[in-house]
Amino acid sequence: MVQINLPKNSKVKNGNYYKDKTNSKNIRKVNIYRWDPSTSENPRIDTYEVDMDNCPSKILDLLNKIKNEIDPSLAYRRSCSHGVCGSCAMNMDGKNGLACTKPHSEIKGDINIYPLPHLKVKKDLIGDLSVLYKQYESIEPWLKTKTKDESSEILQSRNDRAKLDGAYECIMCACCSTSCPSYWWNGDKFLGPAVLLQAYRWIMDSRDEDRKGRLKKVADEFKLYRCHTIMNCTNACPKGLNPAKAIAEIKRMLALT
Amino acid sequence: MGGIPTNYKAEVLTINGSEKIVPGLMAIGEAACVSVHGANRLGSNSLIDLVVFGRAAAKRAAELIKIGTPHEKISENETEKCLERFDRLRNGNGENKTADLRLAMQKTMQSKCAVFRTDKTLKEGINEIRKPFDGINSIYVKDKSLIFNTDLVETLEFDNLIRQAITTMDSAYHRKESRGAHAREDFPKRNDEKFMQHTLSWCNGKETKIDYRPVHKSTLTDDVQYFPPQERIY
């Protein structure tokens, strides 16, 4: 009989507790997933008591406050702080989003912060996105033209340009792909909503001359058709985009050709 | 505006009597000062650095580099210097947290070297900005690991930034006029006679040496004439 065990390091333990030292009357408990790859220790949940009277409104502010004032060893990605770079994507209160645009006032009770689900963790809140980037590269996200004449611009009508609305705004934060059960299951072969939305963006570009080739490339039972319209992607997108609709559009185009 | 001085081919310049190219060193974009923007780089004008000088730098590099040339040997000394700095900061066990020193630097720059400066604020700033610099001697880095160590990265960044801040403060103090983004309330007018030149600064720890390099007053072709700067009036 086969006995199935989870790997030993899959168990998340209780970690350190950092008590408030400011004597604040307005304290919130923040539980954060920690894992240090340079030790053989299991992941742990560290708990920080944070003085909310002196903390700006977003989850990223909260993390910065913890890193600057309580524990500098906490590792997370961040860059622009206003929702345009996609670096600080993580799982907050059980939902994927950008730490810099998510107000902590929206979360009731203790604040639980984890890395994006189902990615290999590099450290603490930092997930390994290298598979996603390889998949992004595989859809060839650049303009492909056959004409060699590079002496003038390639013009685009306003209508054609408008077809890219809802697709070009994607910041590749991976909130959608890492919320998708199909991507959790077949993340190595299914392209996932983020990359398929980008595939759609290039298929729809009126200036591109490889639409047929692009469609043919994604028409694969894994790459595209592992999408079962679960719609978690659209629910997760912090930019309010609709990857599920873009995937449906690709399927429709393939069905009609 | 500020940056590493370069010519229009993105080659870094220094002065040694006269303008001289530093062989093999190029700078571009926000790191560089090609001197096309004058004393203030207005929004969106960064596009010229992307489109024009990105191309120029690539072309110049292709001219300069002979295929198959090995890299010049780096002296053991230089490698040691880098590793020593890395280890010193990583093993810092003092009492100053990087975040606290950085905040002190930010507050000093904001209050003493802000958009509008005076002799008084800059003079105070010159002393004050050196305090967080001294704090590095007793810096504390909690995370000693070697994988995704953001604590260490922020410390290395701070070590770079504080030198930049000292340079900025000292250069601003010595420029006793208003020009572009440098607005001195005690010297509201531009002084072309004395200051129509670039500030050059050498930073060695917390000591700086300030010197000047003249601006170019000629064009590269005869198609357009040289426009002398004039007073900005509204």
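Please refer to the structure placed before this passage.
One numbering rule holds for all chains: residues counted from 1, following each sequence as written. To read the labels, note that chains go from A and ligands from 1, taken in the order they are written. With the structure being a predicted model, the display of local features is reserved for residues of pLDDT at least 70 and the display and counting of side-chain atom pairs for 80 or more, all residues being used for whole-chain, interface and lining totals.

A. Up close: the overall build of chain A. What counts as a helix is a DSSP run of H or I of at least four residues, what counts as a strand is a run of E of at least two, and both are numbered from the N terminus. Across its full length, chain A holds eight helices and eight strands. When its C-alpha atoms are laid out on the principal axes, chain A stretches across 65 × 55 × 30 Å. As a rule, residues whose C-beta atom has 12 or fewer other C-beta atoms within 10 Å are exposed, those with 20 or more are buried, and those in between are partly exposed; C-beta atoms are placed from the backbone. A buried classification covers 35% of the 257 residues belonging to chain A. In this description, a residue-residue contact is defined by the distance between C-beta atoms placed from the backbone, which must lie within 7 Å. Considering only contacts in chain A between residues 6 or more positions apart, those separated by 24 or more positions represent 67%.

B. Molecular detail of unusual backbone geometry. Of note, Asp93(A) is a non-glycine position whose phi angle comes to about 55°, a positive value. Relative to the assigned elements, Asp93(A) resides in the loop between strand E4 (89-92) and strand E5 (95-98). A count of 17 C-beta atoms within 10 Å places Asp93(A) in the partly exposed class. Not every positive phi belongs to a glycine, and Ser44(B) is a case in point at roughly 75°. For Ser44(B), the location among the structural elements is in the loop between strand E4 (32-33) and helix H1 (46-64).

C. Inspection of the sheet that holds E4(A) at higher detail. All names here are of chain A. For two strands to be treated as a pair, DSSP must find no fewer than two bridges joining them. Across the sheet, which stays open at both edges, the six strands sit in the order E1-E3-E2-E6-E4-E5 with mixed pairing between neighbours. Two strands bound the open sheet, and with one partner strand each, they are strand E1 (13-18) and E5. Going from strand to strand, the sheet's axes swing by 30° on average, the running direction of each strand aside. By the bridge criterion, eight bridges tie strand E2 (residues 27-34) to strand E3 (residues 44-51) in an arrangement that is antiparallel. The residue bridging Ile32 from the neighbouring strand is Asp46, located in E3. Only C-alpha atoms enter the line fits that serve as axes; for helices the fit covers just the stretch in contact. Angles between N-to-C directions range over 0 to 180 degrees.

D. Spatial organisation of the environment of Leu224(A). Residues and elements named next belong to chain A. Along the polypeptide, Leu224 turns up in the loop between helix H6 (211-218) and helix H7 (232-236). Judged by local crowding, Leu224 falls into the partly exposed class, with 19 C-beta atoms found within 10 Å. Setting aside anything within four residues of it in sequence, one finds Leu224 in contact with Leu191, Leu196, Val218, Ala219, Ile250 and Lys251.

E. Local environment of the packing of helix H2 (residues 130-138) of chain A against helix H5 (residues 192-203) of chain A. Residue and element names in this part refer to chain A. Look at H2 against H5: their axes get within 9 Å of each other, and the N-to-C directions meet at 20°. The angle between H2 and H5 falls in the class roughly parallel. Seen from above, H2 lies across H5 with right-handed handedness. Residue-level contacts link Leu132, Gln135 and Tyr136 of H2 to Gly192, Ala194, Val195 and Gln198 of H5. Asp, Glu, Lys and Arg are counted as charged, while Ala, Val, Leu, Ile, Met, Phe, Trp, Tyr, Cys and Pro are counted as nonpolar; the rest, among them Gly, fall into the polar class. Across the contact of H2 with H5, the residue classes tally to four nonpolar, three polar and no charged. Oblique is the label for every angle not falling under 35 degrees (roughly parallel), over 145 degrees (roughly antiparallel), or within 65 to 115 degrees (roughly perpendicular). Left-handed describes a crossing in which the near helix is turned anticlockwise from the far one by less than a right angle; the clockwise case is right-handed.

F. Structural context of helix H8 (residues 243-256) of chain A. All names here are of chain A. Over its 14 residues, H8 runs 20 Å from end to end, which matches the ideal 20 Å to within 8%, given 1.5 Å per residue. Among the residues of H8, Pro243, Ala244, Ala246, Ile247 and Ile250 are the ones counted as buried. Burial along H8 is one-sided: seen end-on, the buried residues are contained in an arc of 165°. Counted as exposed and oriented over 90 degrees from the buried face of H8: Arg252, Ala255 and Leu256. Under the convention used throughout, the expected extent of a helix is 1.5 Å for every residue step, that is, one less than its residue count. By definition, the arc is the one covered by directions from the helix axis to the C-beta atoms.

G. Molecular detail of the nonpolar core. All names here are of chain A. If you look at the biggest cluster of nonpolar residues, it comprises 56 residues, and the most contacted ones within it are Met90, Ala99, Leu196, Ala199 and Tyr200. Of all the elements, H5 adds the most residues to this core, at eight residues. In contact with Tyr200, other than residues within four places in its own chain, are Ala167, Ala246, Glu249 and Ile250. Here a nonpolar core is just a set of buried residues of the types Ala, Val, Leu, Ile, Met, Phe, Trp, Tyr and Cys, joined wherever their C-beta atoms sit within 7 Å.

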